[in-house]
Amino acid sequence: MRHTEFWSRMDDALGRDYSRVWAGQFVMADLGGRTALQALEAGESPKTVWAAVWHALELPARER
């Protein structure tokens, strides 16, 4: 997964403006106590970060 696909999925799930805010503020245990943005900036793969987001938001399996 590329970063562009990650952000597209985030926008679909939360809306363009809120997805950026959420990614910078919501801390997830699945990412070692980091936000999605911190994890991406630290070099975590977008696929791994999306899996944590998907879990945290309890999104449907089809969006995995």
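Heads up: the structure comes first, above all this text.
Residues numbered from 1 in each chain as written. Predicted model: local features only at pLDDT ≥ 70, side-chain atom pairs only at ≥ 80, totals over all residues. Heavy atoms only, no water.

## Some details on the environment of Leu14
With respect to the helices and strands, the residue Leu14 is situated in helix α1 (residues 3–14). Counting along the chain gives 43 residues from Leu14 to Leu57, while the straight-line C-alpha distance between them is 9.5 Å. Those residues in contact with Leu14 that sit more than four places away from it in its chain are Ser19, Trp22 and Leu57. (Helix = DSSP H or I, 4+ residues; strand = E, 2+ residues; numbered from the N terminus. Contact = heavy atoms within 4.5 Å.)

## A word on the pattern of salt bridges
Following the criterion strictly, the structure yields four salt bridges and no others. The partner of Asp11 in a salt bridge is Arg16, with the nearest N and O atoms 3.9 Å apart. Judged by relative accessible area, which is 54%, Arg16 ranks as exposed. Residues participating in the shared-partner salt-bridge network are Asp11, Arg16 and Arg20. (Salt bridge = Lys/Arg side-chain N within 4 Å of Asp/Glu carboxyl O. Buried < 20%, exposed > 50% of the residue type's maximum accessible area, 1.4 Å probe, protein only.)

## Some points on the packing of aromatic side chains
Geometry of an aromatic ring pair is reported as the spacing of the ring centres plus the angle between the planes. Under the criterion given, the structure shown has three aromatic pairs. Considering the side-chain rings of Phe6 and Trp7, the 5.0 Å spacing of their centres and the 80° angle between planes classify their relative orientation as edge-to-face. Note on accessibility: Phe6 and Trp7 belong to one class, buried. With a centroid separation of 6.2 Å and an interplanar angle of 80°, the aromatic rings of Phe6 and Trp50 are classed as edge-to-face. Taken as a pair, Phe6 in helix α1 and Trp50 in helix α4 (residues 46–57) lie far apart in primary sequence, 44 residues in all. The structure contains a cluster of three or more aromatic residues connected by ring pairs, namely Phe6, Trp7 and Trp50. (Phe/Tyr/Trp six-rings, centres within 6.5 Å; stacked < 30°, edge-to-face > 60°.)

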